[in-house]
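# A look at the structure
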Amino acid sequence: MIVTMVSVPDGGLTRVSVQEARRRLATDPFLLLGVELPEEEGPAQEPVVRQLGLDDEDLEWFARPDGSPRAEFLGETAGFVVPVVRGGQVHHVHALGSERFLVVVHWGRRAGLAGDIAALVRRERPRDAVAALFLLLQEALSTFRRAAVEALLQVEELEDEMFEERRPEQVYRLSQQRRHSAVLHHALLPYLQGVDEVITRRMMSPDFPVERQRLAQEFQRAARLVLADIESLQDATRRAFASYGSLVAGEQNGVINRLAIVSVIFLPLSFLTGFFGMNFEFLTNRLETRDEFWLLAVGLQLVAVVGSLFLLHRSRIWRRLRDDD
């Protein structure tokens, strides 16, 4: 377990021992700690809350690998399991905040928010740990917003490419983006519902400070905007699939129209060939000269071909094919 302390207000990062973190948690009025746990579970160790000297009652879930979002107020302490997007994947960060401290636990460096929290502390200079907690929640939302906007731009580029030149691999890439949007929505929606319920219930309390009500309202407003961005991504992927289907249908209509033209040309020829191939008495006894053969067998077919081409040239099908080309 690696423990990192974020100094306030300059936002510097300092690695401390577990014993030092435990002592600072008991004495400091404002402390931000980041705890990094190994991605692969090793031998069973003492729970993080117990190592840090925190009350572990009702906190059995904290700092244990758990993919389900969570938002709970436990007296003076608030606990969250926050989804974070890193490298195109959704990770879960555990946060425990009170009036005096904020402890953030993540697994591996990819899902860590210590650097982001330090930058936010330097820029925003929160006055207490609760304000720092809302900064953390806002930063987690920002990772979803950045992922949704990046994916939305990729979908729009794919849609533009489809209209220029349609390729089969574009369907696979669109499928990936659609799956990515579903993962983002599935990870964020239950978390936002839980947080919104807890914050709304907390804001109804008469002892909830006005400044924190403002922070909570800003978080709720940002959450709605991020959720709208993800839903826009889902709509864009559906629209891109519909555009791809329309392009395929248009190409198939063109092929069908060309087949119709060939059928219109060869249908009279097939009829004439079949008609003169019958062994009627008129055909076998009356048509005996070469001129009659050329006039009826060949001349009628030429007239049928020219007449079919003239009718097609005057029809909408021919003009549509010419416009498509």
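How each quantity is defined
- Residues numbered from 1 in each chain as written.
- Predicted model: local features only at pLDDT ≥ 70, side-chain atom pairs only at ≥ 80, totals over all residues.
- Heavy atoms only, no water.
- Salt bridge = Lys/Arg side-chain N within 4 Å of Asp/Glu carboxyl O.
- Helix = DSSP H or I, 4+ residues; strand = E, 2+ residues; numbered from the N terminus.
- Buried < 20%, exposed > 50% of the residue type's maximum accessible area, 1.4 Å probe, protein only.
- Patch = residues over 30% accessible without salt bridge, like charges linked within 9 Å, V, L, I, M, F, W, Y side chains within 5 Å.
- Areas by Shrake-Rupley, 256 points an atom, 1.4 Å probe, with all protein chains shown as cover.
- Arc of directions from axis to C-beta.
- Contact = heavy atoms within 4.5 Å.
- Pairing = 2+ DSSP bridges.
- Core = buried A, V, L, I, M, F, W, Y, C linked by side-chain atoms within 4.5 Å.
- Lys, Arg positive; Asp, Glu negative; His and termini not counted.
- Charge placed at Lys NZ, Arg CZ, Asp CG, Glu CD.

### Let's talk about the pattern of salt bridges
- All chains considered together, the criterion is met by nine salt bridges.
- In this structure, R214 and E218 form a salt bridge, with 2.6 Å as the shortest nitrogen-oxygen distance. Taken together, the positions of R214 and E218, both in helix α6 (residues 210-276) and four residues apart, correspond to about one turn of that helix.
- The exposure class of E218 is partly exposed, given its relative accessible area of 30%.
- The network of salt bridges with shared partners includes E20, R23 and R24.

### Quick look at a nonpolar patch on the surface
- Together, F271, F275 and M278 give the surface a local cluster of nonpolar side chains, amounting to about 310 Å² of exposed area.
- Relative to the helices and strands, M278 resides in the loop between α6 and α7 (281-285).

### Quick notes on helix α1 (residues 18-27)
- Residues V18, A21 and L25 constitute the buried set of α1. Buried positions in α1, seen along its axis, are confined to an arc of 60° and lie on one side of it. Every exposed residue of α1 that faces more than 90 degrees away from the buried side is listed here: Q19, A26 and T27.

### Observations regarding the environment of V90
- By the element assignment, V90 lies in strand β6 (residues 89-97).
- The spatial distance from the C-alpha of V90 to the C-alpha of L188 is 9.5 Å, given a sequence separation of 98 residues.
- Each residue touching V90, except ones within four places of it in the same chain, is listed here: P83, V84, V85, F144, V183, L184 and A187.

### So, the pairing of strand β3 (residues 31-37)
- With seven of seven residues buried, β3 is to be regarded as a mostly interior element.
- Because side chains alternate across β3, one face comprises the buried residues L31, L33, V35 and L37, and the other comprises L32, G34 and E36, equally buried.
- Bridge analysis of β3 against strand β7 (residues 101-107) gives seven bridges, and the strand direction is parallel. The residue of β7 that forms the bridge with L31 is F101.

### Examining the nonpolar core
- Grouped together as the largest cluster of nonpolar side chains are 54 residues, with contacts concentrated most on F80, L188 and F219.
- Residue assignment for this core shows that the elements contributing at least two residues are β5 (77-86), β6, β7, α3 (114-124), α4 (129-164), α5 (169-203) and α6.
- Looking at which element gives the most residues to this core, the answer is α4, with 17 residues.
- Here L188 is in contact with L141, F144, V226, L227 and I230, once residues within four sequence places are set aside.
- Formed by 23 residues, the second largest nonpolar core is a distinct cluster that contains V3, V18, A21 and L54.

### Thoughts on the environment of V93
- Within the secondary structure, V93 sits in strand β6.
- Spatially, the C-alpha atoms of V93 and A63 are 8.5 Å apart, while their sequence positions differ by 30 residues.

### A word on a negative patch on the surface
- Side chains of E156, E157, D160 and E164 sit close together on the surface and give a patch of like negative charge.
- Within the fold, E157 resides in helix α4.

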